[in-house]
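Fold and contact review
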Amino acid sequence: MRQTRLDEFLELEEHNKELEKKIQEEVAKNRAKDKLMFQQAKLASMGEMLGNISHQWRQPLMEMSSIFLPIEAKINMDIPLDNKEILDSIEKLNDITKYMSNTIDDFKNFFAKEKEKISFEILEQINSTVNIISSSLKINDIKLDIIIQKNTIMTGYKNEYSQVLINIINNAKDVLVDRKISNPKIKITITENRDDIITKIEDNAGGIKITPIEKVFDPFFTYEKVNGSGIGLFMSKLIIENNMNGKLLVSNNKNGAIFTIIIPKA
Ligand SMILES: Nc1ncnc2c1ncn2[C@@H]1O[C@H](COP(=O)(O)OP(=O)(O)OP(=O)(O)O)[C@@H](O)[C@H]1O
Ligand SMILES: [Mg+2]
């Protein structure tokens, strides 16, 4: 009888040890799994970041490859060059490389809470943005009108604001070219009221043929485009609404699409 009790006790003790070992093993396994999941999440967000950077770099890279073409052609044909033309191209190149470098920082900081907002002159920012896309507009004979009521100071992230402008202008350019619109035009109007600064980008490409029209902001939504990834407007809305407390709206008028960016002044 006594013997059996001792046996039982020993058996139980053995059992307990085994259990403890098992628990430790499972805990270790869980930790490894957590670590793996964390790494995978990190990889996924890095992948997303790279996707965004490459999306925003495609346009300036194209632009860069064409900046010096007219100068090269003139040299080849022994046509005299003036310094102004060369300096203009250099300035454009500087704007583009600055933008590309800022884009990396922007995406690295994208989810950071404590980003510092800065004040910037809207006219200056629009000018350097236009420098980044002007060649491809020129090549396609697209007229760009910029109407600024007053050279307003905006507070926010200036490069991210440029990224949004570039995405919207690029989309307009794509549609104007695809639909072979005659007298293609893009008009940017900046106005302000008491509370907000309003940027309107209009084109005459015939409008957005998607209902509901807000679908254009869905991630990976692309329509009638061969190489579209559907990132551009999704990212733009995120920038304006999550990072700048603003609104990005879309509508059509009789000529084409209108994108409206509303940024609060304070
Ligand atoms: N100005 C416009 N006129 C008509 N349709 C437009 C206009 N802007 C955007 N769209 C439509 O909205 C869709 C989504 O645009 P979005 O920029 O998000 O993606 P994408 O241009 O297709 O691809 P990506 O920008 O990632 O290369 C476009 O595919 C196009 O069909
Ligand atoms: Mg796009």
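All of these numbers come straight from a predicted model, not from anything done at the bench.

Below, the discussion takes up a nonpolar patch on the surface. Among the surface-exposed residues, Leu6, Phe9 and Leu10 lie close enough to one another that they form a single nonpolar patch of about 310 Å² accessible area. Among the structural elements, leucine 6 can be located in helix 1 (residues 2-67).

Here the residue pair threonine 211 and proline 212 is connected by a cis peptide bond, since its omega of -15° sits within 30 degrees of zero. Considering the arrangement of structural elements, one finds proline 212 in the loop between strand 5 (196-203) and helix 6 (232-243). Phi at asparagine 183 takes a positive value of approximately 50°, unusual for a residue other than glycine. Within the fold, asparagine 183 resides in the loop between helix 5 (158-178) and strand 4 (185-192). Here asparagine 183 falls in the exposed class, since its relative accessible area comes to 61%. At asparagine 245, a residue that is not glycine, the phi angle is positive and equals roughly 55°. Relative to the elements of secondary structure, asparagine 245 occurs in the loop between helix 6 and strand 6 (247-252).

Attention now goes to the packing of aromatic side chains. All chains considered together, the criterion is met by 2 aromatic pairs. Taken together, a centroid distance of 6.1 Å and an interplanar angle of 45° make the contact between phenylalanine 120 and tyrosine 161 tilted. Placement of phenylalanine 120 in strand 1 (residues 118-121) and of tyrosine 161 in helix 5 is noted, with a sequence separation of 41 residues between them. The same class applies to phenylalanine 120 as to tyrosine 161, namely buried. On the basis of an interplanar angle of 85° and a centroid distance of 6.5 Å, the ring pair of phenylalanine 217 and phenylalanine 259 is categorised as edge-to-face. Linking phenylalanine 217 in the loop between strand 5 and helix 6 with phenylalanine 259 in strand 7 (residues 257-264), this pair joins segments that are 42 residues apart in sequence. Across the pair, phenylalanine 259 and phenylalanine 217 agree in class, each one buried. The ring of phenylalanine 217 carries lysine 237 above its face, with NZ or CZ at 4.4 Å from the centroid.

Attention now goes to the site of ligand 1. Neighbouring ligand 1 are 20 residues, the closest being Asn171, Asp203, Thr222, Lys225 and Ser229. One nitrogen or oxygen atom from the side chain of aspartate 203 is found 2.8 Å from a nitrogen atom belonging to ligand 1. With respect to ligand 1, the backbone of glycine 232 contributes an N or O atom lying 3.4 Å from an oxygen atom. Protein contacts shield 95% of the accessible area of ligand 1, which totals 600 Å² for the unbound molecule. Elements with a contribution of two residues or more to the shell around ligand 1: helix 5, helix 6 and strand 7. Top contributing element to the shell around ligand 1 by residue count: helix 5, with 3 residues. A class-by-class count of the residues in the shell around ligand 1 yields 10 nonpolar, 8 polar and 2 charged.

Conventions and cut-offs
- Residues numbered from 1 in each chain as written.
- Chains lettered and ligands numbered in written order.
- Predicted model: local features only at pLDDT ≥ 70, side-chain atom pairs only at ≥ 80, totals over all residues.
- Heavy atoms only, no water.
- Patch = residues over 30% accessible without salt bridge, like charges linked within 9 Å, V, L, I, M, F, W, Y side chains within 5 Å.
- Areas by Shrake-Rupley, 256 points an atom, 1.4 Å probe, with all protein chains shown as cover.
- Salt bridge = Lys/Arg side-chain N within 4 Å of Asp/Glu carboxyl O.
- Helix = DSSP H or I, 4+ residues; strand = E, 2+ residues; numbered from the N terminus.
- Buried < 20%, exposed > 50% of the residue type's maximum accessible area, 1.4 Å probe, protein only.
- Phe/Tyr/Trp six-rings, centres within 6.5 Å; stacked < 30°, edge-to-face > 60°.
- Lys NZ or Arg CZ within 6 Å of the ring centre and 35° of its normal.
- Near = heavy atom within 4 Å.
- Polar contact = N/O pair within 3.5 Å; in protein donor to acceptor, adjacent residues only side chain to side chain.
- Nonpolar A, V, L, I, M, F, W, Y, C, P; charged D, E, K, R; others polar.

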